[in-house]
Amino acid sequence: MKAENKVWSLILDKIYETQREVIEKISSSLNLEKPYSAPVTTLLHCYTKAMFDSKFGMYKPIPTNINILLGLLYDFTIKVVLQGYPPPEHYYTKEYTDENGEKYIIHAGPDVILDNEVIELKYTSIPLEKLPLEHHELQLKMYMNITELRGRLVYLTPYGVREFLYEREEALTNEEIIKIAQEFFAGKISPRYEWECQYCQYRAICPLAIQKKEDG
Ligand code: SF4
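Rules used throughout
- Residues numbered from 1 in each chain as written.
- Predicted model: local features only at pLDDT ≥ 70, side-chain atom pairs only at ≥ 80, totals over all residues.
- Pairing = 2+ DSSP bridges.
- Helix = DSSP H or I, 4+ residues; strand = E, 2+ residues; numbered from the N terminus.
- Axes fitted to C-alpha atoms, helices over the stretch in contact; angles between N-to-C directions.
- Contact = placed C-beta atoms within 7 Å.
- Core = buried A, V, L, I, M, F, W, Y, C linked by C-beta atoms within 7 Å.
- Buried ≥ 20, exposed ≤ 12 C-beta atoms within 10 Å, placed from the backbone.

(A) Structural detail: the sheet that holds strand 2 (residues 92–97). Strand order across the open sheet formed by 3 strands is 1-3-2, with mixed pairing between neighbours. Edge positions in the sheet fall to strand 1 (36–39) and strand 2, since each has one partner strand and no second. The average angle at which neighbouring strand axes cross in this sheet is 20°, direction not considered. As judged from the 6 bridges shared by strand 2 and strand 3 (residues 103–108), these two strands associate in the antiparallel manner. Bridge pairing in strand 3 places tyrosine 92 opposite alanine 108. Together, strand 2 and strand 3 form the strand contacts of helix 5 (residues 134–147), whose direction differs from that of strand 3 by roughly 105°.

Structure below.
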């Protein structure tokens, strides 16, 4: 017996290729200057991280920890199980205009569209009782506004699985989405959630980084 790398090299090549395409879409749909434009997932995270990513081209097409790898494998597997191979790509944009006439173009790339539902697949190591997570719900409810469909969050965790269904009327309204866009583009909220800094590659060099409580 000897240690080998053939199959994992093939898997990583495929992940790299797929993630490169995702990253190209994100970077081409992100405009932090007017006319504002961003993917839903970027809007729901730290403005400064998006700014650093965009400025320094620090997007990472390869998973940097095992949870990210498991998440990518889960997403891909379930997309194929539900929709066949190769899984179809779902891509939407919608323009919102605020009370001052400012325009925001929002891009959505949901995982699965099935039976008139928009479905988001999430792998997380968060305990089951803390699910669903707020930013996952907001992401799905924004997709529901854009697609005008019901929504479903489907979780895989090391502790078990969970699934949550949201009716059409639970979608975020245009006004709620405009508020999130204003907080991001004008408010430059950094971070949006304190936990983001723990996982951020800019943590050591970012003056806005929030220390974990136990870090003192
Ligand atoms: S360290 Fe925190 S505040 Fe700074 S870019 Fe990362 S997530 Fe944003």
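Still more ground to cover, so stick around.
(B) A look at the nonpolar core. Leu43, Ile106, Met142, Tyr143, Ala181 and Phe184 are the most contacted members of the largest nonpolar core, which totals 30 residues. Elements that contribute at least two residues to this core include exactly strand 1, helix 2 (40–43), helix 3 (47–56), strand 3, strand 5 (117–123), helix 5, strand 6 (150–157) and helix 6 (174–185). Apart from the residues lying within four places of it in its own chain, the contact partners of methionine 142 are Val40, Ala108, Leu172 and Ile177.

(C) Structural detail: the sheet that holds strand 4 (residues 112–114). Strand order in the open sheet formed by 4 strands is 4-5-6-7, with mixed pairing between adjacent strands. Strands at the two margins of the open sheet, each flanked by one partner only, are strand 4 and strand 7 (160–166). In this sheet, adjacent strand axes meet at a mean angle of 25° when their direction is disregarded. As paired strands, strand 5 and strand 6 are joined by 7 bridges and run parallel to one another. The residue of strand 6 that forms the bridge with glutamate 120 is leucine 153.

(D) The arrangement of the environment of tyrosine 59 in detail. By the secondary structure assignment, tyrosine 59 is in the loop between helix 3 and helix 4 (66–83). The exposure class of tyrosine 59 is partly exposed, given the 14 C-beta atoms found within 10 Å. Considered as a pair, tyrosine 59 and isoleucine 26 are 33 residues apart in the sequence and their alpha carbons are 9.7 Å apart. Tyrosine 59 has contacts with Ile23, Ser27 and Asp53, leaving out every residue within four places of it along the chain.

(E) Layout of the environment of threonine 41. Position of threonine 41 among the secondary structure elements: in helix 2. Placed 135 residues apart in sequence, threonine 41 and glutamate 176 show a C-alpha to C-alpha distance of 15 Å.

(F) Inspection of unusual backbone geometry at higher detail. Residues tyrosine 85 and proline 86 are joined by a peptide bond in cis, for which omega reads -5°. Relative to the elements of secondary structure, proline 86 occurs in the loop between helix 4 and strand 2. At the junction of leucine 131 and proline 132, the peptide bond is cis and its omega measures out at -5° in the coordinates. Structurally, proline 132 can be placed in the loop between strand 5 and helix 5. Of note, lysine 188 is a non-glycine position whose phi angle comes to about 50°, a positive value. Summarising the element assignment, lysine 188 is placed in the segment after helix 6. What makes lysine 188 partly exposed here is the crowd of 14 C-beta atoms within 10 Å.

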